[in-house]
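Chain by chain, the residues:
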Amino acid sequence: MKSSVLWAVLASILLRPAAALSVPPVRPGVRLRRTSATSAGPPPHVHAAVSGHRATASVRPARRLRDKAIGASALAALGATFAVLVRLSGAGLWRYYLAGGACACLSHALTTPIDVIKTRQQVDVDRVGARATARRIVREEGPTGLLAGLGPTAFGYLFEGALKFGAYESLKGPVHRLLAHLPVPLPAPTLAGLLLSGALSGAAAALVLCPMEALRIRLIAEPAYAEFGWCDGGLRMLEEEGPQGLVRGITAMLSKQVPYTVTKQVAFDYLAHALHKGTRVRWGATAAAQYQVLVVLLAAVLTSVLSCLASQPGDMLLSAVNAHRGTKRTRDFAQEIRKKDGIRGFFVGVHARLVHVGLMVTLQLLIYDTVKRMVGIAATGSNGLQ
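Computed from a predicted structure; not experimentally measured.

A. Quick look at the pattern of salt bridges. All told, the structure shown has 14 salt bridges when counted by the stated rule. Two residues, Arg216 and Asp115, come together in a salt bridge whose shortest N-O distance is 2.8 Å. In this pair, Arg216 is assigned in helix α8 (residues 189-221) and Asp115 in helix α5 (residues 112-123), connecting sequence segments 101 residues apart. Across this residue pair, the class does not change: Arg216 and Asp115 are buried. Between Lys164 and Glu160 there is a salt bridge whose closest N-O contact spans 2.8 Å. Of this pair, Lys164 and Glu160 are both found in helix α7 (residues 150-180), 4 residues apart, which corresponds to roughly one turn of the helix. By the burial criterion, Lys164 is buried, and Glu160 matches it.

Below, the structure is given as structure tokens:
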């Protein structure tokens, strides 16, 4: 019951300032982002869609009530689903969902400007460095351009983080017991159990995050897309492209989120456990308790680098799929990237992403561990891997 109330409060706070969290319409004379890799500007059907949207701007206020009703219904359904999931997970496990949602929402929201720069590098035709991209965004769209997609980022990762961390911790025990009953024993059952738990939780989190990530990337690629806030942008995307427009990048999302989640969760568990154990052996239990924060910090920094590299190709594919309109599949984008730039094409924006993911994951894991200890759970790795 406590967890349901907390989720409702957090979600309502994020939904209320919808218009304030999105980028204002582009000023006259400002160049729109190019959204096609084969043309110098948006194709004609994009201009038609934008013009049609502006033509109906006068009737938008009359539809606000309907839009709010749709948003409230979706929020209520999502909240009810999570309440049931937390309830079924077992006594006390709601704390992992709470810690995961808080750390993912805060860490992704705080690093939004870096993510905007990285995404623009990936979707722009004339690719330039991170500094040049940042200067261009500020010059053409103002400082608020660096906050494009903040609304769907915070809202999407609130639920994605809760599911990813909560499901991972909840699955550890059942998966370990399941693997123990296999007819042929595994050479590393603990590692196998953690990898499987990470893969399952990462896939589930990807399904929840996919619509919000599609909207986030669209708002970054086309700054004038949502004139009345990011919720309006989501409804527009749904009206123009149907439900498939919000889940078109699910294959790319899975190729990013599953390696990312597996690497982050398992590496953090193993590194934190190894560092805690090494500290106790070398300096004793008292010193290990005193340096607990430093141990978690070091494990988080190393984990951030590994998870960034493991998920970079999937991140590049996800940006390409959601920044462009049409019926092209993830496979088509992958073939285009490989033909144009080879393997290096999948690592465009990796420097900005190393900064972004490095800072984000480090903050995320520190917040996660702090919130866990605040609600009575031992620090990660201090009590073993299970």
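From this point, the narrative continues.
B. Quick look at the side chain of Thr111. Relative to the helices and strands, Thr111 is located in the loop between α4 (94-110) and α5. For Thr111, a relative accessible area of 1% corresponds to the buried category. Within the local environment of Thr111, its side chain forms a polar contact with the side chain of His356, the two groups lying 3.3 Å apart. In this view, Thr111 contacts His356, Leu359 and Met360; residues no more than four positions away in its chain are not counted.

C. Structural context of empty space enclosed by the protein. Counted according to the given criterion, the structure contains 3 cavities of 30 Å³ or more. Roughly 120 Å³ of volume is contained in the largest cavity. Taken together, 15 residues form the lining of the largest cavity, with His108, Tyr157, Lys256, His356 and Met360 sitting closest to its centre. The set of elements that each furnish at least two residues to the lining of the largest cavity consists of α5, α7, α8, α11 (250-283) and α15 (350-374). If you tally residues by element for the lining of the largest cavity, the top one is α15, at 4 residues. For the lining of the largest cavity, the per-class residue count stands at 4 nonpolar, 4 polar and 7 charged. Taken as a whole, the second largest cavity encloses approximately 40 Å³ of empty space.

D. Layout of the packing of aromatic side chains. Taken as a whole and judged by the stated rule, the model has 3 aromatic pairs. Seen from their ring centres, Phe155 and Trp230 are 5.8 Å apart, and the 45 degrees between their planes marks the pair as tilted. Residue Phe155 is found in helix α7, and its partner Trp230 is found in helix α9 (residues 230-241); the two are separated by 75 residues along the sequence. Overall, the relative accessible area of 10% leaves Phe155 in the buried class. Look at Phe165 and Tyr368: their rings are 4.3 Å apart centre to centre, the planes differ by 35 degrees, and that puts the pair in the tilted class. Note that Phe165 is positioned in helix α7 and Tyr368 in helix α15, a separation of 203 residues in sequence. Considered together, Phe165 and Tyr368 belong to a single accessibility category, that of buried residues. Just above the ring of Tyr225 sits the side chain of Arg218; from NZ or CZ to the centre is 5.4 Å. When the ring centre of Tyr225 is taken as reference, the NZ or CZ atom of Arg236 above it lies at 4.1 Å.

Conventions adopted
Residues numbered from 1 in each chain as written. Predicted model: local features only at pLDDT ≥ 70, side-chain atom pairs only at ≥ 80, totals over all residues. Heavy atoms only, no water. Salt bridge = Lys/Arg side-chain N within 4 Å of Asp/Glu carboxyl O. Helix = DSSP H or I, 4+ residues; strand = E, 2+ residues; numbered from the N terminus. Buried < 20%, exposed > 50% of the residue type's maximum accessible area, 1.4 Å probe, protein only. Polar contact = N/O pair within 3.5 Å; in protein donor to acceptor, adjacent residues only side chain to side chain. Contact = heavy atoms within 4.5 Å. 1 Å grid on protein atoms, 1.4 Å probe; cavity = no way out; pocket = protein on both sides within 12 Å on 5 of 7 lines; lining within 4 Å. Points joined across faces, edges and corners; volume = space filled by probe spheres on them. Nonpolar A, V, L, I, M, F, W, Y, C, P; charged D, E, K, R; others polar. Phe/Tyr/Trp six-rings, centres within 6.5 Å; stacked < 30°, edge-to-face > 60°. Lys NZ or Arg CZ within 6 Å of the ring centre and 35° of its normal.

Don't take any of this as a statement about function, it's just geometry.
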